[in-house]
Amino acid sequence: MDAKGQGLLKDIGAWDRVSPHCAEVVGRVDWMPGGDAPQEVDFIEKFGYPIQVIQRDCLTALLREEIEDKYLDQIRLVYNTECKAITWGKRP
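Below, the structure is looked at part by part.

Reading guide: rules and limits
Residues numbered from 1 in each chain as written. Predicted model: local features only at pLDDT ≥ 70, side-chain atom pairs only at ≥ 80, totals over all residues. Heavy atoms only, no water. Helix = DSSP H or I, 4+ residues; strand = E, 2+ residues; numbered from the N terminus. Polar contact = N/O pair within 3.5 Å; in protein donor to acceptor, adjacent residues only side chain to side chain. Contact = heavy atoms within 4.5 Å. Salt bridge = Lys/Arg side-chain N within 4 Å of Asp/Glu carboxyl O. Buried < 20%, exposed > 50% of the residue type's maximum accessible area, 1.4 Å probe, protein only. Core = buried A, V, L, I, M, F, W, Y, C linked by side-chain atoms within 4.5 Å.

Next up on the list: the side chain of Glu 66. Along the chain, Glu 66 falls in helix 4 (residues 56-70). Side-chain polar atoms of Glu 66 contact the side chain of Arg 17, separated by 2.5 Å. Within polar-contact distance, the side chain of Glu 66 engages the side chain of Lys 70 at 2.6 Å. Sequence-distant contacts of Glu 66, defined by excluding residues within four places in its chain, comprise Ile 12, Gly 13, Ala 14, Arg 17 and Tyr 71.

Quick look at the structure:
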């Protein structure tokens, strides 16, 4: 997750639940097309913050827990269903 993803989870109050399950990634190695050697990318140097990674199934389970603990009166979870439309209402 980049800063936007981390910030969103902080904004909705879910970061405290998610962050202990993340791992910090400070960089990576890229092989550019036509390049002779791999190129190292330092995320902190490039973006100013570390990237956080988490397994998708872990993240979805944690977000489900967050909804069940805090938002069951506002969010209805539906499984094995295709979403064809969403209607956004105003916050009370």
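On to unusual backbone geometry. With phi around 55°, Asn 80 is a residue other than glycine that occupies positive phi space. Within the element layout of this structure, Asn 80 appears in the segment after helix 4.

What follows deals with the pattern of salt bridges. Scanning the model with the defined rule gives five salt bridges in all. Among the ionic pairs, Arg 17 bridges to Glu 65, the shortest N-O distance being 3.2 Å. Of this pair, Arg 17 sits in helix 2 (residues 15-18) while Glu 65 sits in helix 4, and the two are 48 residues apart along the sequence. Classification of Arg 17 as partly exposed rests on a relative accessible area of 22%.

Counting eight residues, the largest nonpolar core is built from Leu 9, Ala 14, Trp 15, Val 18, Cys 22, Ile 54, Leu 59 and Leu 62. Mapped by element, the contributors of at least two residues to this core are helix 2 and helix 4. Setting aside residues no more than four positions away along its own chain, Leu 62 makes contact with Arg 17, Val 18, His 21 and Ile 54.

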